[in-house]
Amino acid sequence: MKYYNFIKELREHSSPANYQAMFERIKHKAGKRAAERNLKLLGALAVVLVVVGIYFTLSRPGSDPSIMNYVFDEEKINDSPIISYVFDGTF
Amino acid sequence: MAERDFDQVYTDHKEKVWRLTSRYVASKQDREDIFQEVFVRIHKALPNFREESSLETWIYRITANTAISFLKKQKRYKLLKNTLEKMNVVQMDAPVEPKEELKFKPLDKLNPQQRMVVILHDVEDKKLEEISVMLDLPIGTVKSNLFRGRDTIRKTLEDSHEIL
(Lines give C-alpha, C1' and ligand atoms only; values in the text may rest on other atoms or scores of the structure.)
Protein backbone atom coordinates (compact mmCIF):
# COMPACT_ATOMS: atom_id res chain seq x y z
CA MET A 1 0.00 0.00 0.00
CA LYS A 2 2.81 2.37 0.94
CA TYR A 3 4.45 1.70 -2.40
CA TYR A 4 1.32 2.68 -4.31
CA ASN A 5 0.94 5.84 -2.23
CA PHE A 6 4.52 6.72 -3.06
CA ILE A 7 3.92 6.15 -6.79
CA LYS A 8 0.68 8.12 -6.59
CA GLU A 9 2.56 11.00 -5.05
CA LEU A 10 5.12 10.89 -7.86
CA ARG A 11 2.35 10.85 -10.47
CA GLU A 12 0.73 13.89 -8.93
CA HIS A 13 4.02 15.68 -8.58
CA SER A 14 4.26 18.71 -10.81
CA SER A 15 6.91 21.31 -11.14
CA PRO A 16 6.51 24.66 -12.89
CA ALA A 17 8.75 25.29 -15.89
CA ASN A 18 9.75 28.40 -17.75
CA TYR A 19 9.74 26.87 -21.23
CA GLN A 20 10.51 30.10 -23.07
CA ALA A 21 13.64 30.87 -21.02
CA MET A 22 14.86 27.28 -21.35
CA PHE A 23 14.22 27.37 -25.10
CA GLU A 24 16.50 30.43 -25.42
CA ARG A 25 19.24 28.66 -23.44
CA ILE A 26 18.87 25.49 -25.55
CA LYS A 27 19.23 27.50 -28.77
CA HIS A 28 22.29 29.25 -27.37
CA LYS A 29 23.93 25.98 -26.24
CA ALA A 30 23.12 24.21 -29.52
CA GLY A 31 24.63 27.07 -31.54
CA LYS A 32 27.74 27.14 -29.37
CA ARG A 33 28.27 23.38 -29.66
CA ALA A 34 27.77 23.44 -33.44
CA ALA A 35 30.44 26.16 -33.69
CA GLU A 36 32.80 24.09 -31.52
CA ARG A 37 32.22 21.03 -33.70
CA ASN A 38 32.96 23.00 -36.86
CA LEU A 39 36.13 24.38 -35.29
CA LYS A 40 37.29 20.86 -34.36
CA LEU A 41 36.57 19.65 -37.90
CA LEU A 42 38.54 22.55 -39.37
CA GLY A 43 41.41 21.80 -36.99
CA ALA A 44 41.46 18.13 -37.99
CA LEU A 45 41.35 19.08 -41.67
CA ALA A 46 44.24 21.50 -41.18
CA VAL A 47 46.33 18.77 -39.50
CA VAL A 48 45.61 16.34 -42.37
CA LEU A 49 46.55 19.00 -44.95
CA VAL A 50 49.81 19.77 -43.14
CA VAL A 51 50.74 16.08 -42.91
CA VAL A 52 49.92 15.50 -46.58
CA GLY A 53 51.89 18.63 -47.50
CA ILE A 54 54.95 17.44 -45.54
CA TYR A 55 54.71 14.00 -47.08
CA PHE A 56 54.67 15.26 -50.66
CA THR A 57 57.39 17.83 -50.01
CA LEU A 58 59.73 15.25 -48.57
CA SER A 59 58.95 12.55 -51.10
CA ARG A 60 59.81 14.80 -54.09
CA PRO A 61 62.88 13.62 -56.03
CA GLY A 62 64.78 16.77 -55.07
CA SER A 63 64.48 16.09 -51.34
CA ASP A 64 67.08 14.32 -49.23
CA PRO A 65 65.89 10.71 -49.41
CA SER A 66 67.58 9.60 -46.19
CA ILE A 67 64.88 11.18 -44.02
CA MET A 68 62.06 9.43 -45.86
CA ASN A 69 64.05 6.20 -45.89
CA TYR A 70 63.79 6.16 -42.14
CA VAL A 71 60.06 6.14 -42.44
CA PHE A 72 59.32 4.20 -45.59
CA ASP A 73 62.30 2.08 -46.56
CA GLU A 74 63.91 0.51 -43.58
CA GLU A 75 66.20 -1.78 -45.55
CA LYS A 76 67.89 1.04 -47.40
CA ILE A 77 68.91 2.65 -44.15
CA ASN A 78 70.76 -0.42 -42.89
CA ASP A 79 73.95 0.32 -44.76
CA SER A 80 73.68 4.08 -44.72
CA PRO A 81 76.21 6.44 -43.13
CA ILE A 82 73.60 7.46 -40.55
CA ILE A 83 73.75 4.01 -38.95
CA SER A 84 77.55 4.15 -38.81
CA TYR A 85 77.33 7.55 -37.23
CA VAL A 86 74.83 6.43 -34.64
CA PHE A 87 76.61 3.25 -33.60
CA ASP A 88 80.28 4.01 -34.30
CA GLY A 89 80.35 7.76 -34.21
CA THR A 90 81.97 7.88 -37.67
CA PHE A 91 80.82 8.56 -41.21
CA MET B 1 16.81 20.41 -40.69
CA ALA B 2 14.85 23.57 -40.72
CA GLU B 3 14.93 25.40 -37.43
CA ARG B 4 11.16 25.40 -37.69
CA ASP B 5 11.14 21.58 -37.37
CA PHE B 6 13.07 21.77 -34.15
CA ASP B 7 10.81 24.51 -32.87
CA GLN B 8 7.81 22.32 -33.65
CA VAL B 9 9.35 19.31 -31.89
CA TYR B 10 10.05 21.49 -28.87
CA THR B 11 6.51 22.82 -28.81
CA ASP B 12 4.97 19.36 -29.17
CA HIS B 13 7.15 17.45 -26.72
CA LYS B 14 8.46 19.87 -24.11
CA GLU B 15 5.81 18.97 -21.57
CA LYS B 16 6.40 15.22 -21.80
CA VAL B 17 10.14 15.65 -21.42
CA TRP B 18 9.71 18.03 -18.49
CA ARG B 19 7.25 15.67 -16.80
CA LEU B 20 9.63 12.73 -17.06
CA THR B 21 12.65 14.70 -15.83
CA SER B 22 10.56 16.15 -12.98
CA ARG B 23 9.70 12.66 -11.82
CA TYR B 24 13.23 11.38 -12.25
CA VAL B 25 15.28 13.91 -10.27
CA ALA B 26 14.41 15.95 -7.24
CA SER B 27 16.35 19.16 -7.65
CA LYS B 28 14.96 21.88 -9.89
CA GLN B 29 18.42 22.76 -11.16
CA ASP B 30 19.07 19.13 -12.16
CA ARG B 31 15.73 18.98 -13.95
CA GLU B 32 16.53 22.07 -15.96
CA ASP B 33 20.01 20.79 -16.80
CA ILE B 34 18.66 17.44 -18.03
CA PHE B 35 15.79 19.09 -19.92
CA GLN B 36 18.13 21.45 -21.74
CA GLU B 37 20.66 18.71 -22.50
CA VAL B 38 17.88 16.54 -23.96
CA PHE B 39 16.81 19.25 -26.40
CA VAL B 40 20.38 20.17 -27.32
CA ARG B 41 20.88 16.50 -28.26
CA ILE B 42 17.60 16.45 -30.17
CA HIS B 43 18.66 19.60 -32.02
CA LYS B 44 21.88 17.87 -33.08
CA ALA B 45 20.33 14.50 -33.95
CA LEU B 46 17.05 15.58 -35.56
CA PRO B 47 18.48 15.83 -39.11
CA ASN B 48 19.55 12.17 -38.83
CA PHE B 49 16.26 10.91 -37.42
CA ARG B 50 15.26 8.07 -39.77
CA GLU B 51 11.80 7.33 -38.42
CA GLU B 52 12.69 3.73 -37.53
CA SER B 53 10.67 4.32 -34.39
CA SER B 54 8.04 6.94 -33.64
CA LEU B 55 9.28 10.44 -32.83
CA GLU B 56 7.84 10.12 -29.35
CA THR B 57 9.72 6.87 -28.62
CA TRP B 58 12.91 8.44 -30.01
CA ILE B 59 12.51 11.48 -27.75
CA TYR B 60 11.76 9.29 -24.73
CA ARG B 61 14.89 7.30 -25.54
CA ILE B 62 17.05 10.43 -25.65
CA THR B 63 15.46 11.72 -22.44
CA ALA B 64 15.94 8.44 -20.59
CA ASN B 65 19.54 8.03 -21.69
CA THR B 66 20.44 11.65 -20.93
CA ALA B 67 18.86 11.43 -17.49
CA ILE B 68 20.58 8.12 -16.68
CA SER B 69 24.02 9.41 -17.68
CA PHE B 70 23.41 12.65 -15.78
CA LEU B 71 22.66 10.72 -12.59
CA LYS B 72 25.65 8.40 -13.09
CA LYS B 73 27.94 11.42 -13.44
CA GLN B 74 26.41 13.02 -10.40
CA LYS B 75 26.90 9.85 -8.34
CA ARG B 76 30.57 9.70 -9.36
CA TYR B 77 30.97 13.33 -8.40
CA LYS B 78 29.34 12.74 -4.98
CA LEU B 79 31.57 9.73 -4.37
CA LEU B 80 34.66 11.78 -5.16
CA LYS B 81 33.42 14.63 -2.97
CA ASN B 82 32.80 12.28 -0.04
CA THR B 83 36.24 10.72 -0.44
CA LEU B 84 37.88 14.14 -0.48
CA GLU B 85 35.86 15.16 2.58
CA LYS B 86 36.96 12.04 4.46
CA MET B 87 40.54 12.83 3.58
CA ASN B 88 39.97 16.40 4.80
CA VAL B 89 41.03 17.76 1.42
CA VAL B 90 37.83 19.72 1.11
CA GLN B 91 35.25 20.74 3.67
CA MET B 92 31.68 21.26 2.57
CA ASP B 93 28.51 21.98 4.48
CA ALA B 94 25.82 19.34 4.31
CA PRO B 95 23.22 20.50 1.79
CA VAL B 96 19.83 21.39 3.19
CA GLU B 97 17.25 19.43 1.25
CA PRO B 98 13.95 21.18 0.61
CA LYS B 99 10.84 19.32 1.74
CA GLU B 100 9.90 18.75 -1.89
CA GLU B 101 13.12 16.81 -2.50
CA LEU B 102 12.54 14.48 0.47
CA LYS B 103 9.67 12.96 -1.48
CA PHE B 104 12.23 11.45 -3.86
CA LYS B 105 14.40 9.93 -1.11
CA PRO B 106 13.34 6.30 -1.67
CA LEU B 107 14.43 6.60 -5.32
CA ASP B 108 17.96 7.49 -4.22
CA LYS B 109 18.55 3.86 -3.22
CA LEU B 110 18.10 2.69 -6.81
CA ASN B 111 20.73 2.76 -9.48
CA PRO B 112 19.99 5.21 -12.33
CA GLN B 113 18.72 2.49 -14.67
CA GLN B 114 16.39 0.87 -12.12
CA ARG B 115 15.10 4.30 -11.25
CA MET B 116 14.27 5.04 -14.89
CA VAL B 117 12.56 1.67 -15.40
CA VAL B 118 10.39 2.14 -12.30
CA ILE B 119 9.41 5.68 -13.33
CA LEU B 120 8.65 4.71 -16.93
CA HIS B 121 6.62 1.65 -15.96
CA ASP B 122 4.84 2.57 -12.75
CA VAL B 123 4.55 6.34 -13.10
CA GLU B 124 4.50 6.99 -16.86
CA ASP B 125 2.54 3.77 -17.60
CA LYS B 126 4.87 2.60 -20.38
CA LYS B 127 4.76 -1.07 -21.39
CA LEU B 128 7.74 -3.35 -20.74
CA GLU B 129 8.28 -3.74 -24.52
CA GLU B 130 8.34 0.03 -25.01
CA ILE B 131 10.84 0.45 -22.17
CA SER B 132 12.97 -2.29 -23.67
CA VAL B 133 13.12 -0.34 -26.97
CA MET B 134 13.64 3.02 -25.28
CA LEU B 135 16.51 1.88 -23.10
CA ASP B 136 17.89 -0.62 -25.60
CA LEU B 137 17.76 -3.40 -23.00
CA PRO B 138 16.54 -7.01 -23.22
CA ILE B 139 13.06 -7.40 -21.81
CA GLY B 140 14.38 -9.72 -19.08
CA THR B 141 16.71 -6.97 -17.84
CA VAL B 142 13.82 -4.49 -17.79
CA LYS B 143 11.74 -6.93 -15.72
CA SER B 144 14.54 -7.59 -13.23
CA ASN B 145 15.24 -3.84 -12.89
CA LEU B 146 11.58 -3.25 -12.21
CA PHE B 147 11.34 -6.05 -9.66
CA ARG B 148 14.50 -5.02 -7.79
CA GLY B 149 13.59 -1.34 -7.96
CA ARG B 150 10.13 -1.91 -6.48
CA ASP B 151 11.56 -4.17 -3.81
CA THR B 152 14.18 -1.60 -2.77
CA ILE B 153 11.59 1.19 -2.62
CA ARG B 154 9.24 -0.94 -0.52
CA LYS B 155 12.02 -1.77 1.94
CA THR B 156 13.12 1.87 2.13
CA LEU B 157 9.56 3.02 2.78
CA GLU B 158 9.13 0.47 5.55
CA ASP B 159 12.41 1.52 7.17
CA SER B 160 11.80 5.24 7.06
CA HIS B 161 8.35 6.30 8.24
CA GLU B 162 9.72 9.57 9.52
CA ILE B 163 10.96 10.73 6.11
CA LEU B 164 7.63 10.41 4.39
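Treat the numbers as computed from the prediction; the structure is a model and nothing was measured. (Residues numbered from 1 in each chain as written. Chains lettered and ligands numbered in written order. Predicted model: local features only at pLDDT ≥ 70, side-chain atom pairs only at ≥ 80, totals over all residues. Heavy atoms only, no water.)

(A) Quick look at the pattern of salt bridges. Inspection of the entire model under this criterion finds 15 salt bridges over all chains. The partner of B:Glu124 in a salt bridge is B:Arg23, and the shortest N-O contact between them spans 2.9 Å. In this pair, B:Glu124 is assigned in the loop between helix H5 (112–123) and helix H6 (128–135) and B:Arg23 in helix H1 (residues 3–24), connecting sequence segments 101 residues apart. Residue B:Glu124 shares its accessibility class with B:Arg23, and that shared class is buried. One salt bridge in this structure joins B:Glu37 and B:Arg41, with 3.3 Å as the shortest N-O distance. Taken together, the positions of B:Glu37 and B:Arg41, both in helix H2 (residues 28–45) and four residues apart, correspond to about one turn of that helix. On the accessibility criterion, B:Glu37 (18% relative accessible area) is buried. One network of salt bridges, with partners in common, ties together A:Arg25, B:Lys28 and B:Glu32. (Salt bridge = Lys/Arg side-chain N within 4 Å of Asp/Glu carboxyl O. Helix = DSSP H or I, 4+ residues; strand = E, 2+ residues; numbered from the N terminus. Buried < 20%, exposed > 50% of the residue type's maximum accessible area, 1.4 Å probe, protein only.)

(B) Here's a closer look at the packing of aromatic side chains. A full pass over the atoms with the stated rule returns 11 aromatic pairs over all chains. Judged by centre distance (6.0 Å) and plane angle (50°), the ring pair of A:Tyr19 and B:Phe35 falls under tilted. Here the residue A:Tyr19 occupies a position in helix H2 (residues 19–58), and B:Phe35 occupies one in helix H2, the pair thus bridging two chains. Residue classification places B:Phe35 among the buried residues on the basis of a relative accessible area of 0%. (Phe/Tyr/Trp six-rings, centres within 6.5 Å; stacked < 30°, edge-to-face > 60°.)

(C) Looking closely at unusual backbone geometry. Residue and element names in this part refer to chain B. Residues other than glycine seldom take positive phi values, yet Asp-125 does so here, at roughly 60°. In this fold, Asp-125 is placed in the loop between H5 and H6. A positive phi angle is found at Asp-136, which is not glycine, with a value near 55°. Counting through the fold element by element, Asp-136 comes out in the loop between H6 and helix H7 (139–159).

(D) How the structure looks around the side chain of B:Arg23. Of the residues examined, B:Arg23 reaches a relative accessible area of 7% and is grouped as buried. Of note is the side chain of B:Arg23, whose polar atom sits 2.9 Å from the side chain of B:Glu124. (Polar contact = N/O pair within 3.5 Å; in protein donor to acceptor, adjacent residues only side chain to side chain.)

(E) Highlighting H6(B). Residue and element names in this part refer to chain B. Among all positions in H6, only Leu-128, Ile-131, Ser-132, Met-134 and Leu-135 are buried. Seen end-on, H6 carries its buried residues on one side only, within an arc spanning 165°. Buried residues belonging to H6 abut helix H3 (55–86), H5 and H7. (Arc of directions from axis to C-beta. Contact = heavy atoms within 4.5 Å.)

(F) The layout of surface pockets, seen in detail. All names here are of chain B. The space that makes up the second largest pocket amounts to roughly 230 Å³. Lining the second largest pocket we find Ala-45, Asn-48, Phe-49, Arg-50, Glu-51, Glu-52, Ser-53, Thr-57, Trp-58, Arg-61, Ile-62 and Val-133. For the lining of the second largest pocket, the element with the highest residue contribution is H3, accounting for four residues. Partitioning the lining of the second largest pocket into residue classes produces five nonpolar, three polar and four charged. (1 Å grid on protein atoms, 1.4 Å probe; cavity = no way out; pocket = protein on both sides within 12 Å on 5 of 7 lines; lining within 4 Å. Points joined across faces, edges and corners; volume = space filled by probe spheres on them. Nonpolar A, V, L, I, M, F, W, Y, C, P; charged D, E, K, R; others polar.)

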